[in-house]
Amino acid sequence: MANPDTLAGSEGPLYAARKGVYPKKVDGTFRRLKWLIMGVALAIYYGTPWIRWDRGPYAPDQAVLIDLANRRFYMFQIEIWPHEFYYVAGLLIMAGIGLFLVTSAVGRAWCGYACPQTVWTDLFQHVDRLIDGDRNAQVRLANGPWTPEKIAKRAAKYAIYLAIAFWTGGAWIMYFADAPTLTRDFWTGEAAFIAYGTVAALTATTFVLGGFMREQVCIYMCPWPRIQTAMMDEKSLLVTYKDWRGEPRGSLKKALAHPGSLGDCVDCNQCVAVCPTGIDIREGPQIGCITCALCIDACDTVMAQVGRPRGLIDYCALDDVAVEKAGGIAPPVLKTLMRPRLMIYLAIWCAIGAAMLFSLGERTRLDLSVQHERSPLYVQLSDGMIRNNYTLNLRNMEARPRKVAITVSGLPGAQLWTENGSRDRSSQRVEMTISPDSVTRVRLFVAAPALGPTRQDFTIATIGRDGDPRGDSDTIQFDRPEAPR
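Residues numbered from 1 in each chain as written. Predicted model: local features only at pLDDT ≥ 70, side-chain atom pairs only at ≥ 80, totals over all residues. Heavy atoms only, no water.

Some words on the overall build of the protein
What counts, and what does not: Helix numbering and strand numbering both begin at the N terminus, where a helix is a DSSP run of H or I of at least 4 residues and a strand a DSSP run of E of at least 2. Our radius of gyration looks at C-alpha atoms and nothing else; its globule reference is 2.2 Å times the residue count to the power 0.38. Pairs of residues are marked as contacts when any of their non-hydrogen atoms sit within 4.5 Å. Note on areas: these come from Shrake-Rupley sampling with a 1.4 Å probe, and a residue is covered only by the protein chains present in the view.
Counting its regular elements, the protein contains 17 helices and 14 strands. Against the compact-globule benchmark of 23 Å for 485 residues, the protein has a radius of gyration of 33 Å, which places it well outside the compact range. Along the first, second and third principal axes, the C-alpha set of the protein runs to 115 × 60 × 55 Å. Summarising the internal contacts of the protein: among those between residues at least 6 apart in sequence, 70% fall at separations of at least 24. Surface summary for the protein: the accessible area is close to 26,100 Å², and the carbon and sulfur share equals 63%.

Have a look at this one:
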């Protein structure tokens, strides 16, 4: 049987063994930006379930909560019911368009700064530096024999990995139940089995993906690098090595010995040493580049040390590459970003967001659905009037009891009463109190004169009687017997 390593024939092996990646510590503008985004992202993820938000005595006080048991989604002052799932769909659409916008503008910047895989990988790489030292020390330790020192360092590092991974899985389940209560139940063994199973699964995946697979996820497992090319164009800003300025490469010593014969690149390989995916940006655009721009920080530092202008590696669009190669001056970054495609994405994104905010502000917190009872279709009363029966589902989406009035329109002479009332006490409206944050089912009887159409459309409405008059309505039919011929 053929060796799978040679199945590709002369084109090379079908797959290659992984080479260890040990990114070097670097400082600079983009590294600080990564620190900031990582800190904010982790603080939001770990801290959000513990934020309290007072919604009154009838609703949970956790600021962000996905309450699957009661089919609610709470986000601070916003409460989403199952029938309002279109808001969640709107958020997902905004996220997709936002991703298109960022990719069209600056390539895989999402991957380089805010992707969860990147954030946790970056965190684990800082643990590596804390325990093993910087790049050179990590390489020596990885290639060295298993000494007691190496075993101790590996044990300490993996223990920290495991603690971070466990904390990550534990934080996730806090979004689905009251965080303090679930934490107590978890450690006392009283939590549901699904809680322990979820934490175990997320702990394992975080430990493996962030601690060991790292750049393999970005290069081989993630589909986004293969999709992103459709989102970019000649004006997208990408991390670019300016070969027309850097080539031919040579050390500083050679450059001083042969002035004017070599480019600005001193072939120090610092851009490779700091790359979290282990690529060489000087080889051109690659699927492994996550546009984190750490190579820019490294190169700018070296250029400052050797007295050459920064920007040998920089964010640059393909159109700007042609301009600079020809000796021109590329337009400012802001001008490159202010182009029709990005403005259209931004306009669509803002329009969806504005529409959702407007809808949230204008939505009523009383919802009504009416169902005509068909058995019997109608009843003729002793005074000759015709009665129809209806089942009303009154949804109170506020965390307080509501006083409401039920009225009808479009049905002259109609009289109303509920199963808790009587015909003797019927009127043209029914008032009642409905429970907070729940659906109340009401059986409504509607009587109207016998003279009229066999089937007549009319409207049943509910309005608030406690300061907020907004309500809901539903159009339904009133049935009568056919007139004798």
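Structural notes on the sheet that holds strand E1 (residues 64-67)
Selection criterion: Being paired, for any two strands, means DSSP has found at least two bridges between them. Only the contacting stretch of a helix is used when fitting its axis, a line to C-alpha atoms as for every element, and angles between N-to-C directions run 0 to 180 degrees.
Spatially, the three strands line up as an open sheet ordered E1-E2-E3, and their pairing is antiparallel. Of all the strands in the sheet, the pair left with one neighbour each is E1 and strand E3 (78-80). Going across the sheet, the axis of each strand differs from the next one's by a mean of 10°, ignoring polarity. Alignment of E1 against strand E2 (residues 72-75), held across four bridges, turns out to be antiparallel. Considered in E2, the bridge of Asp67 is made with Arg72.

A few points about unusual backbone geometry
Between Glu247 and the following residue, Pro248, the backbone shows a cis peptide bond with an omega angle of -10°. Looking at the element boundaries, Pro248 is found in the loop between helix H11 (243-246) and helix H12 (252-257). Between Ser375 and Pro376 the backbone carries a cis peptide bond, its omega angle lying at 0°. By the secondary structure assignment, Pro376 is in the loop between strand E6 (366-372) and strand E7 (379-380). The backbone of Phe76 sits at a positive phi, close to 55°, despite the residue not being glycine. Mapped onto the fold, Phe76 is located in the loop between E2 and E3.

So, the sheet that holds strand E13 (residues 455-464)
Across the sheet, four strands lie side by side as E11-E9-E13-E14; this open sheet has antiparallel pairing. Strands with a single pairing partner mark the edges of an open sheet, and in this sheet they are strand E11 (429-434) and strand E14 (472-479). Within the sheet, the average angular offset between the axes of one strand and its neighbour, ignoring direction, is 25°. Strand direction decides the pairing type here: strand E9 (residues 402-409) and E11, joined by six bridges, are antiparallel.

Some thoughts on the environment of Val430
How we decide: Throughout, exposure labels follow a simple rule: accessible area from a 1.4 Å probe, protein chains only, divided by the maximum for the residue type, with under 20% read as buried, over 50% as exposed, and the rest as partly exposed.
Take Val430: it is sitting in strand E11. On the accessibility criterion, Val430 (12% relative accessible area) is buried. For the pair Val430 and Thr418, spaced 12 residues apart in sequence, the C-alpha to C-alpha distance is 7.8 Å. Here Val430 is in contact with Val404, Ala405, Ile406, Leu416, Trp417, Thr418 and Leu444, once residues within four sequence places are set aside.

Considerations on the confidence of the model for the protein
Just so we agree on the cut-off: Every residue is assigned a pLDDT by the predictor, reflecting its confidence on a scale from 0 to 100.
On average, residues of the protein carry a pLDDT of 88, and 96% of them reach 70 or more. In this model, residues 1-10 is a region of pLDDT below 50 whose contacts with residues beyond four sequence positions or in other chains number nine contacts.

Some thoughts on the side chain of Asp122
Relative to the helices and strands, Asp122 resides in helix H4 (residues 116-132). Aside from chain neighbours lying at most four places away, what touches Asp122 is Arg31, Lys34 and Met38.

Thoughts on helix H8 (residues 193-213)
How we decide: A helix is expected to span 1.5 Å multiplied by its residue count minus one. Think of it as the arc spanned by the lines of direction from the helix axis to the C-beta atoms.
For H8, with 21 residues, the first-to-last C-alpha span of 29 Å sits near the 30 Å given by 1.5 Å per residue. When H8 is considered as a whole, its buried residues turn out to be Ala195, Val199, Thr203, Thr206, Gly210 and Gly211. Projected onto a plane normal to the axis of H8, the buried residues spread over an arc of 85° and lie on a single side. Turned more than 90 degrees away from the buried face of H8, the exposed residues are Phe193 and Ile194. Backbone geometry just downstream of H8 places Arg214 in the positive-phi region, at approximately 45°.

A look at the side chain of Asp479
Selection criterion: What qualifies as a polar contact is a pair of N or O atoms within 3.5 Å, subject to a donor-acceptor requirement within protein and to the restriction that residues adjacent in sequence count only when both atoms come from side chains.
Mapping Asp479 onto the fold places it in strand E14. By relative accessible area, which is 1% here, Asp479 ends up buried. Reaching out from Asp479, the side chain makes a polar contact with the side chain of His372 at a distance of 3.4 Å. A polar contact of 3.2 Å, which involves the side chain of Asp479, links it to the side chain of Arg374. If we ignore the near neighbours within four places in the chain, the residues touching Asp479 are His372, Arg374, Leu377, Tyr378, Ile386, Asn388, Thr454 and Arg455.

Structural notes on the pattern of salt bridges
What counts, and what does not: In the sections that follow, a salt bridge refers to a side-chain nitrogen of Lys or Arg positioned within 4 Å of a carboxyl oxygen of Asp or Glu.
Evaluated as defined, the whole model comprises 35 salt bridges. A salt bridge links Arg339 to Asp233; its shortest N-O distance comes to 3.1 Å. Here Arg339 is found in the loop between helix H16 (333-337) and helix H17 (340-362), whereas its partner Asp233 is found in the loop between helix H10 (224-227) and strand E4 (238-241), with 106 residues between them in sequence. Residue classification places Asp233 among the partly exposed positions, given a relative accessible area of 22%. One connected set of salt bridges, linked through shared partners, spans Asp128, Asp132, Arg154, Lys157 and Arg214.

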